[in-house]
Amino acid sequence: MAHVFVYGTLKRGFWNHGYLAGCEFIGSGHLVDRYPLVVDQQSAIPFLLNNKGSGHQVEGEIYMVPRETLAALDRLEGYPGWYSRTELPIRITSDPQQSKPYTTTCLVYILDNFSKEERESKFYKNYDHSHRARRSNF
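Residue indices begin from 1 for each chain and proceed along its sequence in written order. For a predicted model such as this one, the threshold for reporting local features is a pLDDT of at least 70, and the threshold for listing and counting side-chain atom pairs is 80 or more; totals across whole chains, interfaces and linings nevertheless cover every residue. Excluded from the side-chain calculations are hydrogens and water; all other atoms, namely the structure's heavy atoms, are used.

Caption draft 1: Fine view of the side chain of Thr 9. Numbering of helices and strands starts at the N terminus; helices are DSSP runs of H or I of at least 4 residues and strands are runs of E of at least 2. Along the polypeptide, Thr 9 turns up in the loop between strand E1 (2-6) and strand E2 (24-31). Within the local environment of Thr 9, its side chain forms a polar contact with the side chain of Asn 16, the two groups lying 2.9 Å apart. Two residues qualify as a contact provided that any one of their heavy atoms is within 4.5 Å of a heavy atom in the partner residue. Beyond its immediate sequence surroundings of up to four residues, Thr 9 is in contact with Phe 14, Trp 15, Asn 16, His 17, Pro 46 and Tyr 127. Pairing of N or O atoms within 3.5 Å defines a polar contact, subject to two protein rules: one partner must be a possible hydrogen donor and the other a possible acceptor, and residues neighboring in sequence count only if both atoms are side-chain atoms.

Caption draft 2: Geometry of the nonpolar core. Core analysis: the largest hydrophobic core is formed by 38 residues, its most contacted members being Phe 5, Tyr 7, Leu 20, Leu 31, Leu 48, Val 65 and Ile 90. At the level of secondary structure, the elements contributing two or more residues to this core comprise E1, E2, strand E3 (37-39), strand E4 (46-48), strand E5 (59-65), helix H1 (67-77), strand E6 (84-94) and strand E7 (102-110). Sort the elements by how many residues they give to this core and E7 lands first, with five residues. Among residues more than four places away in sequence, those in contact with Ile 90 are Phe 5, His 30, Leu 31, Val 32, Ile 62, Tyr 102, Thr 103, Thr 104, Cys 106 and Val 108. Residues belong to a common nonpolar core when they are buried Ala, Val, Leu, Ile, Met, Phe, Trp, Tyr or Cys residues joined through side-chain atoms within 4.5 Å. The buried label goes to any residue with under 20% of its type's maximum accessible area, the exposed label to any with over 50%, and the partly exposed label to all in between, with areas taken from a 1.4 Å probe on protein chains only.

Caption draft 3: Up close: the packing of aromatic side chains. Within 6.5 Å between ring centres, the rings of Phe, Tyr and Trp (the latter by its six-membered ring) count as paired, and their orientation is classed by plane angle as stacked under 30 degrees, edge-to-face over 60, tilted in between. In the structure shown here, the tally under the stated rule is six aromatic pairs. An angle of 65° between the planes, with centres 6.2 Å apart, marks the rings of Phe 47 and Trp 82 as edge-to-face. Here Phe 47 is found in strand E4, whereas its partner Trp 82 is found in the loop between H1 and E6, with 35 residues between them in sequence. Among the residues examined, Phe 47 registers a relative accessible area of 11% and is labelled buried. Consider the rings of Phe 47 and Tyr 83, whose centres lie 6.4 Å apart with planes at 25°: the pair is stacked. Highlighted residues: Phe 47 in strand E4 and Tyr 83 in the loop between H1 and E6, separated in sequence by 36 residues. Aromatic rings pair up to connect Phe 47, Trp 82, Tyr 83 and Tyr 109 into one cluster. Counting as a charge over the ring demands two things of the Lys NZ or Arg CZ atom: a distance within 6 Å of the ring centre and an angle within 35 degrees of the ring normal. Just above the ring of Phe 25 sits the side chain of Arg 12; from NZ or CZ to the centre is 4.0 Å.

Caption draft 4: Fine view of the pattern of salt bridges. The rule for a salt bridge is simple: a side-chain nitrogen of Lys or Arg has to be within 4 Å of a carboxyl oxygen of Asp or Glu. Summed over the entire model, instances satisfying the criterion amount to three salt bridges. Here Asp 33 ties to Lys 52 by a salt bridge, and the two come within 3.7 Å at their closest N and O atoms. Residue Asp 33 is located in the loop between E2 and E3, and its partner Lys 52 is located in the loop between E4 and E5; the two are separated by 19 residues in the primary sequence. Given the relative accessible area of 24%, Asp 33 is considered partly exposed. Assessed through its relative accessible area of 56%, Lys 52 is described here as exposed. Its salt-bridge partner being Asp 74, residue Arg 85 comes within 2.8 Å of it at the nearest N-O pair.

Structure, rendered in structure tokens:
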């Protein structure tokens with residue numbers, strides 16, 4: 001079992017959330033460090049760029065994921081090859097099991113190789129339904 005932090009299409013209400021069916025929802029939180037979250041304007045797919053110190057403390061959801069589901073997430077995210085999967089500190093701000101926020105380490109899919117255009121794109125703190133609406137126009 002592994003804690004996985006999701007910030008895009010794997011979150012509740014988005015088209016890839018089904019991959020997390022049956023996984024325990026731990027809570028909501030954000031990256032402790034700042035990273036750029038960019039969204040491809042044609043596909044509306046978000047990418048977290050491995051450029052620590054730039055961007056925002058990106059918000060997302062934390063799940064407890066069994067090994068079989070982690071393998072399915074790896075295939076979805078193109079790991080290894082497209083994305084890297086790394087451990088990053090996450091501040092969990094809402095956990096029904098805890099009365100106070102706390103910090104833990106989670107697996108996060110992050111893009112190591114990105115273009116100058118991506119690096120200079122608008123950075124988001126949260127991937128939300130306005131991005132999903134944009135996707136339905138294609």
